[in-house]
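# Residue-level structure breakdown
Below, each chain spelled out in residue letters.
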Amino acid sequence: MRFWRTGVRTRAVIGAALGSLLLAGCGLGGASAGTSPSDPSGTAAPRLAETEPLADPRAWQGAATAELGAHPVAPVSSATPQLPVQLTDAQGTRVRVTSAERILALDVSGTLARTVFELGLGDQVVGRDISTQFPEAGDLPLVTSGGHDLNAEAILELDPTVVITDTSLGPWDVLLQIRDAGIPVVVLDAHRGLDNVEDLTRSIAEALGVPAAGERLVKRIETDIDRARADIARVAPTAEGEKLRTLFLYARGQANVYYLFGKGSGAESLIESLGLYDVAQEINWQGMRPLTAEGIVAAQPDVVLLMTGGLESTGGVEGLLERVPSLSQTPAGQNRRFVAMEDSQILGYGPLTGDVLNALAVAIYAPGALE
């Protein structure tokens, strides 16, 4: 079994860069170290197919928040892991997994832990990172501190039999310490996008000895994504000149951090799947780079996508426009067309990807359905 994929080294660098951004900007979500997830308070967006889409998406004025609402874990299996397994992880390291009795699944978006739960192994998960915010994981102890820093002592105290992670969390020395303690550490691809949701799911399932459950979960994810894409295709403009010009802005107002996400960040596949025009591709914007006033004005976006925590950190829409005045010189700023979604969901690309696409599409094409 080999988990190496073409481009993994580049993706790992981008994943690490995103992790560093989140660390510098106080991380994902509203929870702080020591807090537990709570039931989502937002109301889930309706299915896009059940809404009345805007005749002209450019005519809408005002911000919108894409909500998943309460979304309980629905395991696809109760299979017993078939172990041991031998594998080569995304860094080329040979790993032997002999037990899945005590699992830690850790990454910057909480995607790995959610996937483990959906595979039917939630009862074996013994801890969580700060981004794992779904209620079923609420009683698990945190193994991150100060945001997204891995805490070696907290991890070792839980006596895990396997750690599934990627390069989006650090410090790396902690993972080396865990490995030196004799605990198998499987490092997966840090890249998140529509192009590798299935591969990531299979990699987790195979590492934990439940490949059949992995295939069932992949099938469910594919079905959900296909349905969302079909609904979007029925309402999104098809001509390139008619698509909404869109940028993905990463903001952390308290740290004065503003980055534009481009190719390789995961934002590009999200924008494309929503039937939008990715302005970052037009200007060949690579990875995550600091925002410039000239770039924003030249881009002239109709819509700006953000993480909810990022928008809140700037003081909301008006605060963002005050902090980044160049946005006021764009259609998005003039019409207050900012669409936000919870930090760990919008670029998580895990089991809920289809629902994420649907919720964002409703916020963009049928925002009146959210009122």
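Located above this text is the structure these notes cover.
Computed from a predicted model, the values in this text were never measured in an experiment.

We now examine the pairing of strand β7 (residues 162-165). Burial of β7 is two-sided: the residues V162 and I164 facing one way and the residues V163 and T165 facing the other way are all buried. Here three bridges tie β7 to strand β8 (residues 185-187), and the two strands are oriented parallel to one another. When the bridges of β8 are listed, I164 appears paired with V186. Since β7 and β8 lie parallel, the crossover through helix α4 (residues 172-180) that links them has a hand, and here it is right-handed.

Another aspect to go through is the packing of aromatic side chains. Overall, the coordinates contain three aromatic pairs when judged by the stated rule. Residues F117 and F134 carry aromatic rings whose centres are separated by 5.0 Å and whose planes lie at 80° to one another, so their mutual orientation is edge-to-face. Residue F117 is located in helix α2 (residues 111-121), and its partner F134 is located in the loop between α2 and β5 (144-145); the two are separated by 17 residues in the primary sequence. On the basis of relative accessible area, F134 is assigned to the buried category, the value being 9%.

Ordered in space as β4-β7-β8, the three strands form an open sheet in which the pairing is parallel. One side of each edge strand has no neighbouring strand; the edge strands of this open sheet are β4 (103-106) and β8. Neighbouring strand axes in the sheet, compared pairwise and without regard to direction, differ in orientation by 15° on average. Contacting β4 and β7, α2 runs over the sheet at an angle of about 140° to β4.

We now examine the pattern of salt bridges. Following the criterion strictly, the structure yields 13 salt bridges and no others. For R220, the salt bridge is made with E118, and the minimal N-O distance between the two is 2.7 Å. Of this pair, R220 sits in helix α6 (residues 211-235) while E118 sits in helix α2; the two residues are 102 residues apart in sequence, bridging distant segments of the chain. You can call E118 buried: its relative accessible area is 2%. A salt bridge links R202 to E215, with the nearest nitrogen and oxygen atoms 2.7 Å apart. Linking R202 in helix α5 (residues 197-207) with E215 in helix α6, this pair joins segments that are 13 residues apart in sequence. The class of R202 is partly exposed, set by a relative accessible area of 25%.

Take D224: it is sitting in helix α6. Residues within four places of D224 in sequence aside, it is in contact with G354 and D355.

Another point: the pairing of β4. Regular strands show a simple pattern: their side chains alternate between the two faces of the sheet. Residue alternation in β4 divides its side chains into two sets, I103 and A105 and L104 and L106, and both sets are buried. Strand direction decides the pairing type here: β4 and β7, joined by four bridges, are parallel. Residue pairing across strands places I103 opposite V162, the latter belonging to β7.

This part takes up α5. The buried fraction of α5 amounts to eight of the eleven residues, a majority that puts the element mostly inside the structure. Of all the residues in α5, the buried ones are V197, E198, L200, T201, S203, I204, A205 and A207.

Here is what the cut-offs are and how they apply
- The written sequence of each chain sets the order in which its residues are numbered from 1.
- Where totals are concerned, whole chains, interfaces and linings use all residues; where local detail is concerned, this predicted model gives features only for residues with pLDDT of at least 70, and gives and counts side-chain atom pairs only at 80 or more.
- Side-chain figures throughout are based on the complete set of non-hydrogen atoms in the structure, without hydrogens or water.
- Here's how the labels work: a residue is buried when its accessible area is under 20% of the maximum for its type, exposed when over 50%, partly exposed in between, all with a 1.4 Å probe on protein chains only.
- Only DSSP runs of H or I reaching four residues or more are called helices, and only runs of E reaching two or more are called strands; each is numbered from the N terminus.
- We call two strands paired when DSSP finds no fewer than two bridges between them.
- When the strands point away from the viewer, a crossover counts as right-handed if the route from the first strand across the helix to the second turns clockwise.
- Centres within 6.5 Å are what make two rings of Phe, Tyr or Trp a pair, Trp counting through its six-membered ring; a difference in plane orientation under 30 degrees is then read as stacked, over 60 as edge-to-face, and the rest as tilted.
- Inter-axis angles, ranging from 0 to 180 degrees, are taken between N-to-C directions of lines fitted to C-alpha atoms, where helices are fitted over the stretch in contact.
- Residue contacts are defined here by distance: any two heavy atoms, one from each residue, within 4.5 Å place the two residues in contact.
- We define a salt bridge as a contact between a side-chain nitrogen of Lys or Arg and a carboxyl oxygen of Asp or Glu at a distance within 4 Å.

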